[in-house]
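# Structure at a glance
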Amino acid sequence: MTATTINEAEIAKFTAMAEEWWDPKGKFKPLHKFNPVRLGYIREHLLAHFGRDGTDLKPFEGLSILDVGCGGGLLCEPLARLGASVTGIDAAERNIAIARIHAEKSGLAIDYRATTSEALAAEGKTFDMVLNMEVVEHVDNVPLFLKSCADLVRPGGLMLTATLNRTARARVLAVFAAERVLRWLPPGTHDWNKFLTPEEIGALLARNGLKVTGRTGVVFHPLADEWRRSPDLAVNYMVMAEKP
């Protein structure tokens, strides 16, 4: 195994699309559609875990959140608006440049850095919540990646991992249909062989001192044109874990 999580081909792939991060009809349209269900799940768990009042305008004030593989900042910005102190990291420098410009235009103070989880962990940084959203299937050395992310969670903190299951249905829907038929994503965005099952994710989290506290599937409802939570983990899913 390499001593880094960076996959140069994956970095180049997302750098090439960086200008379109904030275009809701562009190449990142699926993430824009996905954002409400992701934010809802994050908000629900943060409120419950840290005993915050959901009626407050900024319920996450005083909490630190790290978004690993933040891209253009689609999750960082709404979390910052909810009061959190947000750090976003990405190995693609162009993504960070786009994220910084957009945050500045939006009047948001977000700490964006072009770095990796293992480099940040080596600095001894820790956060109340660490997010790994649709990243783990794009990195090299998954055990190192999840270990470094777990190291970044402070005791009593949370980590959320969102990814794709390695099932036949995921191969058909997330790769063939999404990339070749519906054209939601550019061809070659995903490699089915790099998908991980919920059990594999759970085992890696446990190995690094985290306890899984929740799992949910996420499915697309075409008539409503929206993503919703579901008990079906066969394609897209999220795993919440806590560090005791």
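Residues numbered from 1 in each chain as written. Predicted model: local features only at pLDDT ≥ 70, side-chain atom pairs only at ≥ 80, totals over all residues. Heavy atoms only, no water.

## Some words on the overall build of the protein
Selection criterion: For the purposes of this entry, the term helix denotes a DSSP run of H or I that reaches at least four residues, the term strand denotes a run of E that reaches at least two, and both are numbered from the N terminus. Burial here depends on accessible area, computed with a 1.4 Å probe over protein chains only, as a share of the maximum for the residue type. Under 20% is buried, over 50% is exposed, and the range in between is partly exposed.
For the protein, the helix and strand inventory stands at 8 helices and 8 strands. Each of the 244 residues in the protein was classed as buried or not, and the buried ones make up 53%.

## Some remarks on the environment of Ser 85
To keep things clear, this is the line we draw: The contact criterion used throughout is that any non-hydrogen atoms of two residues lie within 4.5 Å.
Structurally, Ser 85 can be placed in strand 2 (residues 85-89). Linking Ser 85 and Gly 62, residues 23 residues apart in sequence, is a C-alpha distance of 6.9 Å. For Ser 85, the contacting residues outside a window of four places in its chain are Leu 63, Ser 64 and Ile 65.

## Side note on the nonpolar core
Within soluble globular proteins, side chains that are nonpolar generally end up buried alongside one another. For the record, the criterion: Only buried residues count toward a nonpolar core. Its members are Ala, Val, Leu, Ile, Met, Phe, Trp, Tyr and Cys residues joined through side-chain atoms within 4.5 Å.
Counting 33 residues, the largest nonpolar core has Ile 42, Leu 46, Ile 110, Tyr 112, Met 129, Leu 131 and Leu 160 as the members making the most contacts within it. Listed by contribution, the elements that provide at least two residues to this core are helix 2 (29-50), helix 3 (76-81), helix 4 (93-105), strand 4 (127-133), strand 5 (153-164) and strand 8 (236-242). With near-sequence residues (within four places) excluded, Met 129 lies in contact with Ile 42, Leu 46, Ser 64, Ile 65, Leu 66, Leu 158, Leu 160 and Met 240.

## Quick look at the pairing of strand 8
Let me state the cut-off plainly: A pair of strands is considered paired only if DSSP assigns at least 2 bridges between the two.
Burial runs high along strand 8: 6 of the 7 residues are buried. As defined by bridge partners, strand 6 (residues 211-221) adjoins strand 8 across 7 bridges and the pair is classed as antiparallel. When the sheet's bridge partners are listed, Val 218 is paired in strand 8 with Asn 236.

## A look at the sheet that holds strand 5
Let me state the cut-off plainly: In this analysis, axes come from line fits to C-alpha atoms, helices being fitted only over the stretch in contact, and the angle between any two N-to-C directions falls in the range 0 to 180 degrees.
In space, the 8 strands of this open sheet follow the order 3-2-1-4-5-8-6-7, with mixed pairing throughout. The open sheet terminates on both sides in strands that have one partner only, identified here as strand 3 (111-113) and strand 7 (226-230). Between one strand and the next, the sheet's axes are offset by a mean angle of 20 degrees, whatever the strand orientation. Relative to strand 3, helix 4 is tilted by about 165 degrees, and along the sheet it contacts strand 2 and strand 3. Docked against the sheet, helix 6 (residues 142-151) engages strand 1 (64-68), strand 4 and strand 5, running at close to 145 degrees with respect to strand 5.

## Examining helix 2
The criterion, for reference: In this scheme, a helix's expected span is set at 1.5 Å multiplied by one less than its residue total. Here the bend at each residue means the angle between axes fitted to two seven-residue stretches, the one ending at that residue and the one beginning there.
Spanning 22 residues, helix 2 covers 32 Å between terminal C-alpha atoms, matching the ideal 32 Å at 1.5 Å per step. The principal kink in helix 2, of about 40 degrees, is found at Asn 35, preceding the proline Pro 36 by one to four residues. All buried positions along helix 2 are accounted for by Pro 30, Phe 34, Asn 35, Val 37, Arg 38, Leu 39, Tyr 41, Ile 42, His 45, Leu 46 and Leu 47. Positioned one or two residues after helix 2, Gly 51 has a phi angle of 65 degrees, which is positive.

## Things to note about the packing of helix 6 against helix 8 (residues 198-207)
For clarity, the cut-off: Comment on the angle field: the value is read as roughly parallel under 35 degrees, roughly antiparallel over 145, roughly perpendicular from 65 to 115, and oblique elsewhere. Should the near helix be turned anticlockwise from the far one by less than a right angle, the crossing is left-handed, and should it be turned clockwise, the crossing is right-handed. Ten residue types, Ala, Val, Leu, Ile, Met, Phe, Trp, Tyr, Cys and Pro, are classed as nonpolar, four, Asp, Glu, Lys and Arg, as charged, and the remainder, Gly among them, as polar.
Where helix 6 contacts helix 8, the axes come no closer than 9 Å and their chain directions differ by 55 degrees. Of the possible angle classes, the one that applies to helix 6 and helix 8 is oblique. In the packing of helix 6 onto helix 8, the handedness of the crossing is right-handed. Residues Val 142, Pro 143 and Leu 146 of helix 6 pack against Ile 201, Leu 204 and Arg 207 of helix 8. A breakdown of the residues in the contact of helix 6 with helix 8 according to their chemical character gives 5 nonpolar, no polar and 1 charged.

## Here's the deal with the packing of aromatic side chains
To keep it simple, the criterion reads: Two aromatic rings from Phe, Tyr or Trp, using only the six-membered ring of Trp, form a pair when their centres are within 6.5 Å; if the ring planes differ by under 30 degrees the pair is stacked, by over 60 it is edge-to-face, and anything between is tilted. We count a charge as sitting over a ring when the NZ of a lysine or the CZ of an arginine lies within 6 Å of the ring centre and within 35 degrees of the ring normal.
Going through the model one piece at a time under the given rule, you end up with 3 aromatic pairs. Taking the centre distance of 3.7 Å and the plane angle of 10 degrees together, the rings of Trp 21 and Phe 28 count as stacked. Both residues of the pair, Trp 21 and Phe 28, count as buried. Ring geometry for Phe 34 against Trp 227: centres 4.8 Å apart, planes inclined by 85 degrees, an arrangement best described as edge-to-face. Highlighted residues: Phe 34 in helix 2 and Trp 227 in strand 7, separated in sequence by 193 residues. By the burial criterion, Phe 34 is buried, and Trp 227 matches it. Aromatic rings pair up to connect Phe 34, Phe 220 and Trp 227 into one cluster. A cation over a ring is seen here: Arg 171 above Trp 192, with NZ or CZ 3.9 Å from the ring centre.

## Some thoughts on unusual backbone geometry
Positive phi outside glycine occurs at Asn 141, with the angle close to 60 degrees. Structurally, Asn 141 can be placed in the loop between strand 4 and helix 6. Residues other than glycine seldom take positive phi values, yet Asp 225 does so here, at roughly 55 degrees. The residue Asp 225 is located in the loop between strand 6 and strand 7 in this model.

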